[in-house]
Amino acid sequence: MSNFFNGLLRLRRGPWEMLATIIIAVGVFMLMQPFVIWAFTYSFIVTLVGTVMFIIVSHFPE
């Protein structure tokens, strides 16, 4: 686990891509759930932030 945080601090691609993927998955989950309206309202923004983040961090060094 500390290797993950160490990779985040050193701006390595692997941990940042995993974090961006988790953000995208959370956004899709927020979009599909029928219970909480605020989660549905912000789901597109969360998914968009995760997608843009993934595009940016894909240029980080290994």
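Cut-offs applied
Residues numbered from 1 in each chain as written. Predicted model: local features only at pLDDT ≥ 70, side-chain atom pairs only at ≥ 80, totals over all residues. Heavy atoms only, no water. Salt bridge = Lys/Arg side-chain N within 4 Å of Asp/Glu carboxyl O. Helix = DSSP H or I, 4+ residues; strand = E, 2+ residues; numbered from the N terminus. Buried < 20%, exposed > 50% of the residue type's maximum accessible area, 1.4 Å probe, protein only. Phe/Tyr/Trp six-rings, centres within 6.5 Å; stacked < 30°, edge-to-face > 60°. Expected span 1.5 Å × (residues − 1). Arc of directions from axis to C-beta. Axes fitted to C-alpha atoms, helices over the stretch in contact; angles between N-to-C directions. Parallel < 35°, antiparallel > 145°, perpendicular 65-115°, else oblique. Left-handed = near helix turned anticlockwise from the far one by under 90°. Contact = heavy atoms within 4.5 Å. Nonpolar A, V, L, I, M, F, W, Y, C, P; charged D, E, K, R; others polar.

The next thing to look at is the pattern of salt bridges. One pass over the structure, following the stated rule, counts one salt bridge. Close ionic contact of Arg-13 with Glu-62 constitutes a salt bridge, the shortest N to O distance being 3.2 Å. Placement of Arg-13 in helix α2 (residues 13–32) and of Glu-62 in the segment after α3 (37–57) is noted, with a sequence separation of 49 residues between them. Among the residues examined, Arg-13 registers a relative accessible area of 24% and is labelled partly exposed.

Another point: the packing of aromatic side chains. Considering all chains together, one arrives at one aromatic pair under this definition. With centroids separated by 6.5 Å and ring planes inclined at 85 degrees, the aromatic side chains of Trp-16 and Phe-60 adopt a geometry described as edge-to-face. In this pair, Trp-16 sits in helix α2 while Phe-60 sits in the segment after α3, placing the two residues 44 residues apart along the sequence.

With 20 residues, α2 extends 29 Å between its outermost C-alpha atoms, agreeing within 8% with the 28 Å of an ideal straight helix rising 1.5 Å per residue. Listing the buried residues of α2 in full gives Pro-15, Ala-20, Gly-27 and Met-30. The arc enclosing the buried residues of α2, seen along the axis, measures out at 135 degrees, which places them on a common side. Residues Phe-29 and Met-32 are exposed on α2 and point more than 90 degrees away from its buried face.

We now examine the packing of α2 against α3. Interhelical geometry of α2 versus α3 gives an angle of 160 degrees and a closest axis separation of 7 Å. Put simply, α2 runs roughly antiparallel to α3. The handedness of the crossing between α2 and α3 is left-handed. Residue-level contacts link Arg-13, Trp-16, Glu-17, Leu-19, Ala-20, Thr-21, Ile-23, Ile-24, Gly-27, Val-28, Met-30 and Leu-31 of α2 to Ala-39, Phe-40, Tyr-42, Ser-43, Val-46, Thr-47, Gly-50, Thr-51, Met-53, Phe-54 and Val-57 of α3. Of the residues assigned to the contact of α2 with α3, the class counts are 15 nonpolar, six polar and two charged.

All right, on to the side chain of Ser-43 then. Assignment of secondary structure puts Ser-43 in helix α3. On the basis of relative accessibility, which here comes to 2%, the residue Ser-43 falls in the buried class. Setting aside residues no more than four positions away along its own chain, Ser-43 makes contact with Gly-27, Met-30 and Leu-31.

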